[in-house]
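In case you want the letters, here they are:
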Amino acid sequence: MRQRDGDGMTTGITGSSEPMGDSTDDTEEETGVAFDPDATGVIPRLPLLDGPAPGSSAEVTDGDDEKEEAGTLPALRLPATLHIGTPPKAPEGTKDTATEASKDSKDSAPESAADGDAAGTVPTKVAAPKVTPSEVAAPKVAASKAPVPDPAAPKPAVPKAAAPKAAVPEAASPKAAVPEAAAPVARLSVEAPPAPAKAPVGPAAEPPAKTAVNTPAKTPVEAPAKTPAKAPAKAPGLGGRVSRLVRSAPTWLPALLTVEGLVMYVLALRVAPGPLRGVNPADINGLGLIAALPASAFAAILIMLVSFFVTVAQSTDRKFLLLFQIAVITFALHGAGSLVASEPRFPTAYIHAGFVDFIGRTGETAINIDARMGWPGYFALFAFVTKAAGITDMTTILQWTPLLTNLLYLLPFVLILRQVVATTRARWFAALLFVLVQWIGQDYFSPQGFTFALYLAFVAILLRWFGRVEPRTKPIAPKGLRKLLGRLDAMTPGEIANTGTYRADRLLMLMMLLALFFAATASHQITPFMMLGVVTAFLIFKRTKLTWALPFFLGLGVLAWISYETVGFWAGQIDAIFGGLGRILTNLQTNTGDRIAGSDPAHAMVLKARLGILVVILMLAAAGLLRRLRRGVFDRAALILLCVPVLALGLQSYGGEIGLRIYMFALPGACLLAAYAFFPNLPADSADVREETVPIRKRNVRFNPELTRKLSVVLAACFAVLFAGAFLVARYGNEKFERVTTGEVDAMHYIYAHDKPSAKVLYLTAKEGPEVTPTLPWGEKDIELVNFNGQALVYKDPAQIAKAVATLKASPRNTYLAVSTGQISYLQLNEGFPADWGARFRAALDASPDVKKVYSNSDAALYTWKKFVKGTEIPDPQPYKGRGDPTSPWTPVGLAALALTWASMFGYEVIRLNGPNRAVKARRVLLWVSIPAFAVAVGVIIERFIYIASNN
């Protein structure tokens, strides 16, 4: 019978002290009911045997302590006339114990039995496979003389046992070690254990005494066929391997195509010119670089785009592969100029390198030399980096900055895309559009290119950590404009609500916001106004958790920087700064119409292509906005990012480039809305990224949604190919004069070698004015010694050199008239000069008796005045004078008020991060302190503008 030890453990048949079943088994007691072997088919509780059966060499062992012989089970002493299987029918009136199945045996046996034995079977001691404890448990009652059920059939339900639980052999314990069997188990439907001759128990085992075997004649022994040993798997043939490779093509083919396209593109641009390969700079014409690109380069770009859309069309969001594909496409489009050019392209990049050189040498800024030095943050950063790294030649940095800058843009823009409610296709297609339509060309080594990345990071932090998405609770007005606004407000937000952000994270991100803003304020003139406009619009349209203290804080920072740090720039030209305010149509004409008029016919197509890209992307954005509204989604954040930069048209022309800057800052919102024109649906609640919602007005769904999604991918791919071709025209349409040759760089280096103590350079122009900049690599060195502000007026007739010669004569000694291929190409494409104008103009200067040529190569020539009195060719020294900014009497008061305002507003915003109801009194005190301080700080700024401007 079952014994208990001091720990509450039960002792089974083999003597193992393992728990039987759950903890309730140890508290149950024996009922004392005698066992009737003819009345039940349940194995009774068997007495513990102290030794082996008489005449048997097998001994009872503990499955936990000793090893069993392979393929055998412990020998069991079964009582005589034990019925295993279906018992005889009990006499009428006799208590039926068949329904009193053992709950203990049911609880003890694991649910996942190895063989899944049916009721009425028991394993015999023969060579068999591994036996699980469930096979040793008490069998269930089956119908008399019924065939043995299929082992795979489900087990019949067993009623709850009312009789005492039958003892379970130790072999049924989960911890009982049962050796692996070598053959299947024979399942018998018998009334007693099989005869020893047929099923020996252990080696040379004899049957227990008084054990009767009573096998019915009509119930034969049913043993499953032996499972043949598995033959070693044959290696798949060539056809099988090819078939398997073809089936797995969607996983590896996009990556392979991308790498293939990249290698093909690099080879097409870098190898020597030949059939279908190589780039010959002489082939560049009014259309720009696209005229010189080989056909293999276009094929490579097409392969990259196809691989991208193959990946997008798949059902899984393969983030790393998609990001890699977009980076490769970015390299192909934005890195083409760097791959082809022998020198860093875009002439203005060289003057920015000169600012870095000057700050690194002197440790000062030079706003009286160039107004851009009033915002020296970007130049100071690179001056520190180059000096710390020991870099003296910035050629490599200038060469690859456009590509690296565009790759940098992708990181914050992808973070912005993660905060919108859109499908995977819409997000990644928006990222691709951002690469394809960003033709502005402000990504060279410049503050505006750098601060645009800061702007994107600023917007990403606003959406990710300070985004606000709250459902409308107010009732909608019955009619009028308020009804329309209420319905828009009640729509599904197009942004993701962020919850669970820790206060420490928000505080860190708030400080990051301020750092990004002040870095942009110290580096560029326009970017901080764009940031300020986005924050204000987010507050107006309830898309940020920040308060109104932040825009006042940031706005005061911009005004303070202009008033205190750039006074040397605005002191004498107030009208140049504020004269363009409100002249929207004039500024628009300066940036569009004036750039097309008077151009070469081929080059006019470049300018029209740029306007075409602008029109198409805006039309797609409008279509995407309407399709989202049709689905009940109002994308306020994307609309804000699109519309806020347009307000800059009311500022000034910004040297004729305000339109380009507006387009650049409006791109994030425009690309996101344009992607919705193809993929407007919302992501469904499914693991399959292909699952999407359908429009709210289901009655208007005319096509199968699956077919519509496929057509959308095809249309998006077609537009992407068109945008890629237009990008090459728009981005590199000015390559004929924006590319810099080695001869032009050498000519400038000659000037730097002869600029002691000072020098001046005259560049060619068809119309004089401050908005015309030289199209030669100017200002890379000695910006305090070489003056590049001289303009030499020229005409379409190359023989008319009198005006240029007179300007050279009136200039100081050591003044150089520079004639370069870049300037000549600019005059030909934008001013309509003849194709042979450059050669004829240089010939006229060579024949002039008043000038002499001091340097010449195939790309540039330098001329100076010829008739200086001997010994006076060298000009007088013009040492650089540092800053001496004027001030006003109220400046100290303004600085104190400025510091107090910033401290109180920052404290107010930090406390507000805890919630709208935290420290209300403290916030009210800070607010009352900041308001008068803010008024005083702004008043002093205005006083400085008036006082300093009137005295200079």
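All of the points below concern the structure found in this document. (Residues numbered from 1 in each chain as written. Predicted model: local features only at pLDDT ≥ 70, side-chain atom pairs only at ≥ 80, totals over all residues. Heavy atoms only, no water.)

**What to know about helix H29 (residues 837-847)**
For H29, the set of buried residues is Trp837, Gly838, Phe841, Arg842, Ala844 and Leu845. Projected onto a plane normal to the axis of H29, the buried residues spread over an arc of 155 degrees and lie on a single side. The exposed set on the far side of H29, more than 90 degrees from its buried face, consists of Ala839 and Ala847. On its buried face, H29 sits against strand E5 (759-765), helix H27 (802-810), strand E7 (815-820), helix H28 (821-831), strand E8 (851-856) and strand E9 (860-865). (Buried < 20%, exposed > 50% of the residue type's maximum accessible area, 1.4 Å probe, protein only. Helix = DSSP H or I, 4+ residues; strand = E, 2+ residues; numbered from the N terminus. Arc of directions from axis to C-beta. Contact = heavy atoms within 4.5 Å.)

**Examining the pattern of salt bridges**
Enumeration over the complete set of coordinates arrives at 14 salt bridges. We note a salt bridge from Glu738 to Arg345, for which the minimum N-O separation is 3.1 Å. Of this pair, Glu738 sits in helix H25 (residues 735-738) while Arg345 sits in the loop between helix H7 (336-340) and helix H8 (348-362), and the two are 393 residues apart along the sequence. Each of the two residues, Glu738 as well as Arg345, counts as buried. Between Glu495 and Arg543 there is a salt bridge; the shortest N-O distance is 2.6 Å. Placement of the pair is Glu495 in the loop between strand E3 (492-493) and helix H14 (503-521) and Arg543 in the loop between helix H15 (527-540) and helix H16 (549-565), with a sequence separation of 48 residues. Residue classification places Arg543 among the buried positions, given a relative accessible area of 3%. Among the ionic contacts, a cluster of salt bridges with common partners joins Arg345, Glu735 and Glu738. (Salt bridge = Lys/Arg side-chain N within 4 Å of Asp/Glu carboxyl O.)

**Re the packing of aromatic side chains**
On inspection of all chains with the given rule, the structure shows 33 aromatic pairs. Ring geometry for Tyr378 and Phe445: centres 5.2 Å apart, planes at 55 degrees, overall tilted. Placement of the pair is Tyr378 in helix H9 (residues 377-389) and Phe445 in the loop between helix H11 (424-436) and helix H12 (447-466), with a sequence separation of 67 residues. The pair Tyr378 / Phe445 is uniform in exposure class, with both members buried. With a centroid separation of 6.3 Å and 85 degrees between ring planes, the pair formed by Tyr750 and Tyr816 is classed as edge-to-face. Remark: Tyr816 occurs in strand E7 and Tyr750 occurs in helix H26 (residues 742-753); sequence separation between them is 66 residues. With relative accessibility at 5%, the residue Tyr816 sits in the buried group. (Phe/Tyr/Trp six-rings, centres within 6.5 Å; stacked < 30°, edge-to-face > 60°.)

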